[in-house]
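# Summary of structural features
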Amino acid sequence: MKFVEYSSREALMTGLASHIAQELTAEIAETGSAALAVPGGSTPGPIFDALSQVDLPWEKVSVLLGDERWVPETSERSNTALLRRRLLQNKAARATLLPLYAPADRPEDRLNELSQAIENVLPLSVCVMGMGADMHTVSIFPEADLLAEAFAADAPVLLPMRAPGAPEPRITLTARVLAGSKHRHILITGAEKRAALERAILINDPMKAPICAVLSGATIHWAD
Ligand SMILES: O=C1O[C@H](COP(=O)(O)O)[C@@H](O)[C@H](O)[C@H]1O
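Residues numbered from 1 in each chain as written. Predicted model: local features only at pLDDT ≥ 70, side-chain atom pairs only at ≥ 80, totals over all residues.

### Thoughts on the overall build of the protein chain
Applied cut-off: The numbering of helices and of strands both runs from the N terminus, where a helix is a DSSP run of H or I of at least 4 residues and a strand a run of E of at least 2. Note that the radius of gyration is over C-alpha atoms, with the globule rule given as 2.2 Å times the number of residues to the power 0.38. Here the contact rule is simple: place C-beta atoms from the backbone, and any two residues whose C-beta atoms are within 7 Å are in contact.
Broken down by element type, the protein chain carries 7 helices and 10 strands. Against the 2.2 N^0.38 benchmark of 17 Å for 224 residues, the protein chain shows a C-alpha radius of gyration of 16 Å, consistent with a compact globule. In terms of principal-axis extent, the alpha carbons of the protein chain reach across some 40 × 40 × 35 Å. Taking as baseline every contact in the protein chain between residues at least 6 positions apart, the subset at least 24 positions apart corresponds to 72%.

As structure tokens, this is what we get:
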């Protein structure tokens, strides 16, 4: 695990966006295509804005979320809507979105079809993850119903997830897929999340602090 501290949030967002762009460029040069997984929530918007302007062969890039709230894109809680609004714009409009939501009452109803499209692009080239102050990452929350399943070595690509800290059902990539990505980045801002990360490192138990499952080999990017 590597920890990088930036002088400001702006420096973090532009620095990490340029790092991601370099990794995608190298992957496309080597294999002809790339898959980028990104977080939702309130933190990554400025990285999406910066990335959307980067000159890349975006038509060779598949983009997916690490997790989604099971709500339609018309909801203000939709991570997919955020992605469409901030990342899949400008030059990055040519990228292919692999959806984590399809209209249905429950994630279980669409899990197979959503998983199949993702299976085709594994391993992920670049995976950026966020973290909540409760130490969850993607939608793997402490006390979630399928917590142990999300950490299994033979876990499926996607799992539905329900947790006390999440107001709606979720769908999430599992730890196996996240840890299997070629490049892994964790994006956190502010003193509260830094303290939560330090607590997680001390706890060192993914069942209590899910972020622990993806720390090994990852670079943590932080600014106050
Ligand atoms: O619910 C979620 O939370 C985490 C953290 O979000 P933030 O608003 O604190 O940045 C996010 O990484 C995840 O993708 C999202 O679904």
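Read on, since the account is not over.
### Considering the sheet that holds strand S5 (residues 96-97)
Using the following cut-off: DSSP bridges decide pairing: two strands pair if at least two such bridges lie between them. For every element, the axis is a line fit to its C-alpha atoms; helices are fit only across the contacting stretch, and the angle between N-to-C directions ranges from 0 to 180 degrees.
Here 7 strands make up an open sheet; going across it, the order is S1-S10-S9-S6-S2-S3-S5 and the pairing parallel. Every interior strand has two partners, whereas the edge strands, strand S1 (2-5) and S5, have only one. Here 4 bridges tie S1 to strand S10 (residues 219-223), and the two strands are oriented parallel to one another. Within the sheet, the bridge partner assigned to Phe3 lies in S10 and is Ile220. Packed on one face of the sheet, helix H7 (residues 191-203) meets strand S9 (183-189) and S10 and runs near 130 degrees to S9.

### Regarding the pairing of strand S3 (residues 61-65)
This is how the line gets drawn: Counting other C-beta atoms within 10 Å of its own, a residue is labelled buried from 20 upward, exposed at 12 or fewer, and partly exposed in the gap between, with every C-beta atom placed from the backbone. Seen with the strands pointing away from the viewer, any crossover whose path from the first strand over the helix to the second strand runs clockwise is right-handed.
Burial of S3 is extensive: 4 of the 5 residues sit out of reach of the surface. Taken together, strand S2 (residues 34-38), helix H2 (residues 45-52) and S3 form a β-α-β motif whose crossover is right-handed.

### Some remarks on the confidence of the model for the protein chain
Counted only if it meets this: Known as pLDDT, the predictor's per-residue confidence is scaled from 0 to 100.
In the predicted model, the protein chain carries a mean pLDDT of 98, and the fraction of residues at 70 or more is 100%. Both scores are available for the predicted complex, with the pTM at 0.98 and the ipTM at 0.99.

### Quick notes on H7
Applied cut-off: Residue count minus one, scaled by 1.5 Å, sets the expected span of a helix. Taken from the helix axis, the directions to the C-beta atoms give the arc we talk about.
If you check H7, its first and last C-alpha atoms are 18 Å apart, about what 13 residues at 1.5 Å a residue would give, namely 18 Å. Of the residues making up H7, those classed as buried are Lys193, Ala196, Leu197 and Ala200. Here the buried residues of H7 occupy an arc of 100 degrees about the axis, which is enough to place them on one side. Along H7, the residues that are exposed and aim more than 90 degrees away from the buried face are Ala191, Ala195, Glu198 and Leu202. Where H7 ends, the next residue or the one after it, Asn204, has phi of about 50 degrees, a positive value.

### Quick notes on the sheet that holds strand S7 (residues 158-161)
A sheet is described by the order of its strands in space; here 3 strands give the open sequence S4-S8-S7, paired in antiparallel fashion. A strand with exactly one partner marks an edge of an open sheet, and here the two such strands are strand S4 (67-69) and S7. Direction aside, the axes of adjacent strands within the sheet are offset by 15 degrees on average. When S4 meets strand S8 (residues 170-173), the two strands line up antiparallel, connected through 3 bridges. Among the inter-strand pairings, Glu68 is bridged to a residue of S8, identified as Ile171.

### Structural notes on the site of the ligand
We count it as follows: Here, nearness is defined through the C-beta atom: a residue counts as near a molecule or strand if that backbone-placed atom lies within 6 Å of it. Note on residue classes: Ala, Val, Leu, Ile, Met, Phe, Trp, Tyr, Cys and Pro are nonpolar, Asp, Glu, Lys and Arg are charged, and everything else, Gly too, is polar.
Surveying the vicinity of the ligand reveals the residues Pro39, Gly40, Gly41, Ser42, Thr43, Gly66, Asp67, Asn79, Gly130, Gly132, Val138 and Ser139. A breakdown of the residues in the shell around the ligand according to their chemical character gives 2 nonpolar, 9 polar and 1 charged.

### Looking at the nonpolar core
The nonpolar side chains of a soluble globular protein tend to be buried, and buried together. Where we set the bar: Put simply, a nonpolar core is buried Ala, Val, Leu, Ile, Met, Phe, Trp, Tyr and Cys residues tied into one set by C-beta atoms within 7 Å.
Leu36 and Ala37 are the most contacted members of the largest nonpolar core, which has 64 residues in total. The residues touching Leu36, leaving out its near neighbours within four places in the chain, are Ile20, Leu24, Val61, Val63, Ser125 and Val126.

### Some details on the environment of Ala150
By the secondary structure assignment, Ala150 is in helix H5 (residues 147-150). We classify Ala150 as buried; it has 26 C-beta atoms within 10 Å. Excluding residues within four positions of it along the chain, Ala150 makes contact with Ile140, Ala155, Leu159, Thr172, Thr174 and Ala175.

### Examining the UniProt feature "domain: Glucosamine/galactosamine-6-phosphate isomerase" (unreviewed entry) in the protein chain
Rule in force here: UniProt positions are given in the numbering used here, feature names are shortened, and annotations may be inferred rather than shown by experiment.
In the UniProt entry, the feature "domain: Glucosamine/galactosamine-6-phosphate isomerase" (unreviewed entry) is given for residues 8-221. Taken end to end, residues 8-221 has its terminal C-alpha atoms 11 Å apart, with 33% of it in helix and 17% in strand.

### Remarks on the packing of helix H1 (residues 9-31) against H2
Defined as follows: If an angle is under 35 degrees, it is roughly parallel; if it is over 145, roughly antiparallel; if it lies from 65 to 115, roughly perpendicular; otherwise it is oblique. Crossing chirality is assigned from the near helix's rotation relative to the far helix, an anticlockwise turn below a right angle marking it left-handed and a clockwise turn marking it right-handed.
In contact at an axis separation of 9 Å, H1 and H2 are set at 50 degrees when each is read in the N-to-C sense. Classed by the angle they form, the pair H1 and H2 counts as oblique. In this structure, H1 crosses over H2, and the sense of that crossing is right-handed. Listed contacts from H2 to Met13, Thr14, Leu16, Ala17, Ile20 and Ala21 of H1 are Pro46, Ile47, Ala50 and Leu51. Partitioning the contact of H1 with H2 into residue classes produces 9 nonpolar, 1 polar and no charged.

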